Amino acid sequence: MAKKQVDPIIVASKAKAILKKAGCNTSGDALDGLNGWAYWLLEQAAKRAKANGRKTVRNYDFIVM
């Protein structure tokens, strides 16, 4: 089954610069993984806000346990 393509929300050049500063190289699929994780994190934060009766996502909605 093919992976679902999603629009990138991560600034690739910024992410690569951070990894380069840490002394790491970036593989071709690294940013796809990071982008997928960012989408998941946003979806979880939205679910948490809704579960708490809010439409507004707050910084503490990003806490993953």
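Residues numbered from 1 in each chain as written. Predicted model: local features only at pLDDT ≥ 70, side-chain atom pairs only at ≥ 80, totals over all residues. Heavy atoms only, no water.

## A word on the overall build of the chain
Counting its secondary structure elements, the chain contains two helices and zero strands. Expressed along its principal axes, the backbone C-alpha trace of the chain runs to roughly 40 × 35 × 20 Å. In the chain, which comprises 65 residues, the proportion classed as buried is 12%. Sequence-distant contacts, at least 24 apart, represent 37% of the contacts inside the chain between residues at least 6 apart. Working note: accessible area of the chain is about 5700 Å², and carbon and sulfur atoms make up 58% of it. Averaging the positions of the 12 positive and the 5 negative side-chain charges in the chain gives two centres separated by 7 Å. (Helix = DSSP H or I, 4+ residues; strand = E, 2+ residues; numbered from the N terminus. Buried < 20%, exposed > 50% of the residue type's maximum accessible area, 1.4 Å probe, protein only. Contact = heavy atoms within 4.5 Å. Areas by Shrake-Rupley, 256 points an atom, 1.4 Å probe, with all protein chains shown as cover. Lys, Arg positive; Asp, Glu negative; His and termini not counted. Charge placed at Lys NZ, Arg CZ, Asp CG, Glu CD.)

## Brief notes about the side chain of Asp61
Note that Asp61 resides in the segment after helix H2 (30–51). Residue Asp61 is classed as buried on the basis of its relative accessible area, which comes to 3%. Setting aside residues no more than four positions away along its own chain, Asp61 makes contact with Ala45, Arg48, Ala49, Arg54 and Thr56.

## Remarks on helix H1 (residues 12–21)
The periodicity of an α-helix, 3.6 residues per turn, causes residues three or four positions apart to be oriented the same way. A small share of H1 lies buried, amounting to one of its 10 residues. Phi turns positive one or two residues past the end of H1, at Gly23, with a value near 85 degrees.

## With respect to the pattern of salt bridges
Within the structure shown, the criterion is met by two salt bridges. Between Asp61 and Arg48 there is a salt bridge, with its nearest N and O atoms 3.8 Å apart. Highlighted residues: Asp61 in the segment after H2 and Arg48 in helix H2, separated in sequence by 13 residues. Asp61 is the partner of Arg54 in a salt bridge, and the nearest nitrogen-oxygen pair spans 2.8 Å. Residues joined in a network through salt bridges with shared partners are Arg48, Arg54 and Asp61. (Salt bridge = Lys/Arg side-chain N within 4 Å of Asp/Glu carboxyl O.)

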